[in-house]
Amino acid sequence: MNDEHGRLIGPGQIDSPALQLRPLLLPAPGQEFEPSSEEILDDDTVEPGISEYGIFGVHPVDPERVFWYRWITGHQVSFALWRAMYDIIGYRRDNMPSAPELNTLAVCVDAYSAMLLYSSTVPRAHYHSHIRHRMSLQHPAFSGTWAPDYRPVRHIFRGKLPWRDNPLCASLAEAVARNAATHDYIAAHLVPNGRSLLQQSAQTVSATVSREKEELYDSFFLTVRRPISRAQFIRPLRVRVAEVGADLAHNGLYPNVDGHHHPVVTGPSGGSTMTLVPRVLSTLDEATRLVAGQQLQGVGA
Ligand code: HEM
């Protein structure tokens, strides 16, 4: 369905989504999921159902609510995707995953890139006055390097896997390159001087990542470490994907803020980040289905 300007309208644009944040339960990094007899089934009550969204939102939004929701939820979904990658790869370095596992890894990396874009749709001035300001109050050197779920999968992103040159890994390598380009792109978009909070505090704050810094990071993104089962991991991921779908369908990728839009990337100069613009939901949906399927097969158990 298109509006009078030819913009795509998703079916969910009728109701304004609640955009209610929730804590994300995750096991400590490296900790196995709890055994559970609960089956992971296709669950119609939380399937996204909406795969279309307008790029430029029509309805005016409450920027504080929408962009805070996107920043926290975009990160929470990224954490879950990193955890799903860990379930495939663990700490193994020498054994190459199977072809379906490599495909799941590549789609999860692309879904993480999609979440980088989704989180970064905040207008730059609002990002600095609200989001970055709050992160700097949490800690002056607040940094993505403190993300507890990232460290165990960092070697995927650093291209340090011994089997990375195997032709079967080509799609994963391309997804990792797209991810690096997307992170660089959104960092330059939101912070044109390029200096992260960590870099700005380098003179005064130790670069070592401590448990306390990880806890500050987790608590900022409403992440609670607790033993959970795979089913308790998958369902909240599906719920969040459905909510992101409802948000995008109602508010567009680039929401209407006082009659203005603040696009992150619009043209070919955006490179591979541009390819994500119409594919945020479909990529996320595919990753979630593959992760749930992998869990069904007991991969990483
Ligand atoms: C949109 C959400 C973002 C996520 C999920 C994210 C995630 C991450 C992660 C996981 C790392 C660690 C990489 C590693 O250790 O190899 C990192 C590092 C870094 N990120 Fe981001 N990032 C985001 C936004 C930004 C923004 C807006 C900037 C702008 C300055 C930025 C600048 C950096 C820099 C410079 C580093 C290197 C370490 C540091 O100085 O903190 N990132 N990011």
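Preceding this section is the structure that the text describes.
What counts and how
Residues numbered from 1 in each chain as written. Predicted model: local features only at pLDDT ≥ 70, side-chain atom pairs only at ≥ 80, totals over all residues. Heavy atoms only, no water. Helix = DSSP H or I, 4+ residues; strand = E, 2+ residues; numbered from the N terminus. Buried < 20%, exposed > 50% of the residue type's maximum accessible area, 1.4 Å probe, protein only. Areas by Shrake-Rupley, 256 points an atom, 1.4 Å probe, with all protein chains shown as cover. Donors = N, O, S within 2.8 Å, 3.2 Å for Na, K, Ca; no water. Contact = heavy atoms within 4.5 Å. Polar contact = N/O pair within 3.5 Å; in protein donor to acceptor, adjacent residues only side chain to side chain. Salt bridge = Lys/Arg side-chain N within 4 Å of Asp/Glu carboxyl O. Expected span 1.5 Å × (residues − 1). Near = heavy atom within 4 Å. Nonpolar A, V, L, I, M, F, W, Y, C, P; charged D, E, K, R; others polar.

A. Main features of the overall build of the protein chain. In terms of helices and strands, the protein chain carries 10 helices and 4 strands. Ordered by position from N to C terminus, the α and β elements of the protein chain give β-β-α-α-α-α-α-α-α-β-α-β-α-α. The burial tally for the protein chain puts 51% of its 301 residues in the buried class. Of the accessible surface of the protein chain, which amounts to about 13700 Å², a share of 53% is contributed by carbon and sulfur atoms.

B. Molecular detail of the coordination of the iron atom of the ligand. For the iron atom of the ligand, the protein contributes exactly one donor atom, His183 (NE2), at 2.1 Å. Among the structural elements, His183 can be located in helix α5 (residues 170–190).

C. Focus on the environment of Thr145. One can find Thr145 in the loop between α3 (124–138) and α4 (154–157). With 72 residues separating them in the primary sequence, Thr145 and Tyr217 have C-alpha atoms 9.6 Å apart. Non-local contacts of Thr145, meaning those with residues more than four positions away in its chain, are made with Arg151, Arg154, Leu198 and Val209. Side-chain polar atoms of Thr145 contact the side chain of Ser143, separated by 2.7 Å.

D. The arrangement of the pattern of salt bridges in detail. Taken as a whole and assessed by the stated rule, the structure comprises 11 salt bridges. Linking Arg22 and Glu243 is a salt bridge whose minimum nitrogen-to-oxygen distance equals 1.9 Å. Of this pair, Arg22 sits in the segment before β1 (24–26) while Glu243 sits in helix α8 (residues 230–251); the two residues are 221 residues apart in sequence, bridging distant segments of the chain. Judged by its relative accessible area of 34%, Arg22 falls in the partly exposed class.

E. Structural context of helix α2 (residues 99–119). Here α2 contains 21 residues, and its C-alpha end-to-end distance of 30 Å stays within 8% of the 30 Å for a straight helix at 1.5 Å per residue. The buried fraction of α2 amounts to 18 of the 21 residues, a majority that puts the element mostly inside the structure.

F. Region of the structure containing the site of the ligand. Around the ligand, a shell composed of 22 residues is seen, among which Ser143, Arg154, Arg158, His183 and Ser196 lie nearest. Between a nitrogen atom of the ligand and a side-chain N or O atom of His183, the distance comes to 2.9 Å. Elements that contribute at least two residues to the shell around the ligand include exactly α1 (63–89), α2, α5 and α6 (197–200). Here the shell around the ligand gets 4 residues from one element, more than from any other, and that element is α5. Looking at the shell around the ligand residue by residue, the class counts come to 11 nonpolar, 9 polar and 2 charged.

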